[in-house]
Amino acid sequence: MKFAKLFALILPIIPVTYVNAAPDNPRILVAYYSLTGKTEKTANAIADASGGTLYKIQVEKQYPADKKERRKILEQEIENNELPPLAPTDINPENYDIIFLGSPVWANHISQPVKSFLAKYNLSGKDIIPFVTHSGGGRGQSFNDVAALCSGCVVDMDGWSSWGSGVGKKLTRWTTEQIKSVQ
Ligand SMILES: Cc1cc2nc3c(=O)[nH]c(=O)nc-3n(C[C@H](O)[C@H](O)[C@H](O)COP(=O)(O)O)c2cc1C
């Protein structure tokens, strides 16, 4: 039997392993939502360490500055799982290979604007690296949320989680290690 014929016969039984590997020069986006500035600091440090493009996720209708009033609106939004519409942006996250995705932890989950972000774009096939900041309660369900809400994405479950911004050498090292791990 000729080699070409033999190859055609055995080809269908060779198991196909799909490895999602970002290209050598990946286009990196650091997308984040931040209400009071902590996740923003983390995002800035990740952008510095990765050379990625920063994208500040913003809601169309700003939350009130008054803390009490704001808390009431946020609690209602969380309770009803409302997805606030996002402000327009020139950045298209679908054009990137690796997306660091940042959020404050809200009631043990990712924030509603980050849920809006995940609902808005088709990020299937992208490497998503979540990072969250919290005030002592830990990451909660946030990484699972990203995995559940990002259909077809490859979510790095070894995400970043810190009480406050967590900026420092450890964050810089984590950033470069995560990029290597998805390549
Ligand atoms: C509505 C709301 C819910 C929150 N829920 C939690 C929580 O469940 N656990 C926690 O540790 N911190 C919680 N926090 C605190 C924030 O996660 C924390 O302050 C975070 O670092 C703020 O990030 P930012 O400054 O980028 O908005 C909550 C804050 C808000 C406004």
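Right, let's walk through the structure included here. (Residues numbered from 1 in each chain as written. Predicted model: local features only at pLDDT ≥ 70, side-chain atom pairs only at ≥ 80, totals over all residues. Heavy atoms only, no water.)

**Observations regarding the site of the ligand**
- Near the ligand, the surroundings consist of 19 residues, among which Ser34, Thr36, Thr39, Val105 and Thr133 are the closest.
- Between the ligand and glycine 37, the relevant distance is 3.0 Å, taken from an oxygen atom to a main-chain nitrogen or oxygen of the residue.
- Protein chains shield 85% of the accessible area of the ligand, which is 640 Å² for the free molecule.
- Grouping the amino acids of the shell around the ligand by side-chain chemistry returns 7 nonpolar, 10 polar and 2 charged. (Near = heavy atom within 4 Å. Polar contact = N/O pair within 3.5 Å; in protein donor to acceptor, adjacent residues only side chain to side chain. Areas by Shrake-Rupley, 256 points an atom, 1.4 Å probe, with all protein chains shown as cover. Nonpolar A, V, L, I, M, F, W, Y, C, P; charged D, E, K, R; others polar.)

**With respect to the pattern of salt bridges**
- For the coordinates displayed, the defined rule picks out 3 salt bridges.
- Measuring nitrogen to oxygen at the nearest pair gives 3.0 Å for the salt bridge that ties glutamate 40 to lysine 56. Placement of glutamate 40 in helix H2 (residues 38-50) and of lysine 56 in strand E2 (residues 53-56) is noted, with a sequence separation of 16 residues between them.
- Residue classification places glutamate 40 among the partly exposed residues on the basis of a relative accessible area of 23%.
- Lysine 56 sits in the partly exposed class, given a relative accessible area of 34%. (Salt bridge = Lys/Arg side-chain N within 4 Å of Asp/Glu carboxyl O. Helix = DSSP H or I, 4+ residues; strand = E, 2+ residues; numbered from the N terminus. Buried < 20%, exposed > 50% of the residue type's maximum accessible area, 1.4 Å probe, protein only.)

**Thoughts on the environment of leucine 29**
- Along the chain, the position of leucine 29 falls in strand E1 (residues 28-32).
- Separated by 23 residues in the primary sequence, leucine 29 and glycine 52 place their C-alpha atoms 5.1 Å from one another.
- In this structure leucine 29 touches Thr53, Tyr55, Ile91, Pro93, Tyr96, Ile98, Ile99 and Phe100, once residues within four positions along its chain are discounted. (Contact = heavy atoms within 4.5 Å.)

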